Amino acid sequence: MALAPPKVAFITGCNGVSGNALVEYLLRRPKEEWSRIVVTSRSPLKNFWQDPRVEFVAIDFLEPVDVIIQKMLPFCQGVTHAYFTSYVHTDDFMRLRDLNVPLFENFLTAVDTVAGESLQRVCLQTGGKNYGCHLGPVEVPLHEGMSRYDDCGLNFYYSQEDFMFRLQAQRKWSWNVIRPGGIIGFTPGKNGMSEAITLALYILVCKELGETPRFPGNKYFYNAVDDNSYAVSLADMSVWASTHEHTKNEAFNHANGDTFVWKYLFRDIGRYWGVEIPEQTSWPELGDKGVYANEFKMANWAEDKKAVWEKVCDKYGGSREAFDWGTWGFFDWSIGKAWPTISSISKARKFGWNRYDHTFETWVETFKTFANAGVLPGEHMVKALPNGTGSTAIGVKVNGTTKPQSNHGDPEEEASSIVAA
C-alpha cells in the first residue's frame, strides 16, 4: 500500500504562543508525514529550530496583498495545510476589528492564490470572544451551537469566518475553526496575552518584597469555576481537526478537559514559587453586579516594580526584559469578570478528539519552559535562597569574573502597546 503524499504546513504567528506550539508539535511528527513546515511572523524569528524542514519567511499581513503574494511565492506553492494563529492585540476592544480583519483577509487571499490546487485545509484560530463572553454574562458552557450575538459589527471573528466561508464556497479546500479559552503556553518573545508569565512576574516580585500576593480580581471569580487551553493541546486539536476528513468544515471549542477554581490554582501557583498564599477573606470588590470588578489594576501595580524584578533576576536568574512581557491589562480582564466563561468540548469528544491535560500541570510545564529559555528563573533557584538576601547574586565564574546567572537577552523594541505574533 502506497503511503499518502507528505503534507506541507504554513503557520503564521510563529513567534506567538499558538504558532510556536504548532511548529513544535509538527516537528515531532515524521518527515514522511510533514515534509516541510513554512513559518512566518512579521518580526524576526525568535526561536531557532534544528530541523531542516522549517523555512522562515518574514511577512506582515497588513501589507498590500500583492506584496504578501510576492514574498510567499518562493515558499508556499506546495502548501497543503494553512494554520492562521496571527493576532494583533490591543486592550481597546473597539480597535480589534480594524486591526484583525484585514490581517486574516490578506493571509487567506495570498495563501489561496499562491498554494492554488495544492491547498487542502485552512485552520483559523479564534477564541471565546466568539460567544461574547468578554462583554458580559452569556450562556454557559459555551458551545458551538450558540447563535451569534448582536455584535454591532465589532466582533472580528465573525468577519474572518464569513470571508473564509465565501471564498471556500468557490474552492476545493475545506476549513476548520478552533476556539480556545485563555491560552497557557510558552512564547519565545513578547506576546499580547500571557496569563502564565504575568502571574509569575507578579508572585515573584511580591515574594521579593516580602508581601503576600492578593488576587487582583474579585470575590466571585476567585471562587468561580474556570478552564484554560494549553498551547500544546491546542496544537494537537488543530492538527487533528485539519487532517481528518470527517472533521472538515467544522468549528471546535478547545479546553484542557478539566476545570479549576481560581482560589486553589492561585494558591498552588504560589506554592510552586515558594510562596504560601492564604485564603483571601477580605474583598473590596465582590463581583456581584455582573460587571468587571478588580480589587486593583495590575497595570497600576506594575508601574514601579521593574527594579524589583531586576533584583529577582540578579539573584535567581531570568531575563530583566521579561518584565516588559507582562500583559497586565489583559490579566485584569481575565480575572476581573463577574460571570462564568467555561467552554464545552463535547463536540470535539464526539468527533474523536480525546486528549486531556491537567491545568495546573500545564502552568508548571509552561513555567519550566520559560526557565529553560532563560526568561524566568527556575523554581529550584528561587527556593534555594530565602527572601532578603540583599544584592547577593547566584553567579558563575567567567574568565575569572563572577557574573549573575541570568539571561539578559536583547528585546524587540515595541513601538506601541499593540503586539502581534
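It should be emphasised that the depicted structure is a prediction, and the values quoted were computed from it without experimental measurement. (Residues numbered from 1 in each chain as written. Predicted model: local features only at pLDDT ≥ 70, side-chain atom pairs only at ≥ 80, totals over all residues. Heavy atoms only, no water.)

## Examining the pairing of strand 2 (residues 34–41)
Most of strand 2 is tucked away: 6 of the 8 residues are buried. The sheet contact formed by strand 1 (residues 7–11) and strand 2 spans 5 bridges and is parallel. From the neighbouring strand, F10 faces strand 2, where its bridge partner is V38. Where the polypeptide runs from strand 1 across helix 1 (residues 17–27) and back to strand 2, its parallel neighbour, the crossover connection is right-handed. Relative to strand 3 (residues 54–58), strand 2 is paired through 5 bridges, and the arrangement is parallel. Bridge pairing links I37 to V54 in strand 3. (Buried < 20%, exposed > 50% of the residue type's maximum accessible area, 1.4 Å probe, protein only. Helix = DSSP H or I, 4+ residues; strand = E, 2+ residues; numbered from the N terminus. Pairing = 2+ DSSP bridges. Right-handed = clockwise from strand over helix to strand, strands pointing away.)

## Digging into the pattern of salt bridges
All told, the structure shown has 25 salt bridges when counted by the stated rule. Between D268 and R267 there is a salt bridge whose closest N-O contact spans 2.9 Å. On the basis of relative accessible area, R267 is assigned to the partly exposed category, the value being 26%. In the salt-bridge network here, residues are joined through shared partners; they are R148, E161, D162 and R179. (Salt bridge = Lys/Arg side-chain N within 4 Å of Asp/Glu carboxyl O.)

## What about the pairing of strand 4 (residues 81–84)?
Burial along strand 4 is two-sided: the residues H81 and Y83 and A82 and F84 are all buried. Sheet topology note: the strand 4/strand 6 (residues 121–125) ladder contains 4 bridges and is parallel. Counterpart to A82 in the pairing with strand 6 is V122.

## Describing the nonpolar core
Core analysis: the biggest nonpolar cluster contains 47 residues, and L199, W262, W273, W309, W363, F367 and L376 have the highest contact counts within it. Elements with a contribution of two residues or more to this core: helix 5 (195–209), helix 6 (219–222), helix 8 (262–272), helix 9 (298–302), helix 10 (306–316), helix 11 (328–335) and helix 13 (359–372). Top contributing element to this core by residue count: helix 5, with 10 residues. The next biggest cluster of nonpolar side chains, apart from the first, holds 33 residues, and it includes C76, V88, A110 and A115. (Core = buried A, V, L, I, M, F, W, Y, C linked by side-chain atoms within 4.5 Å.)

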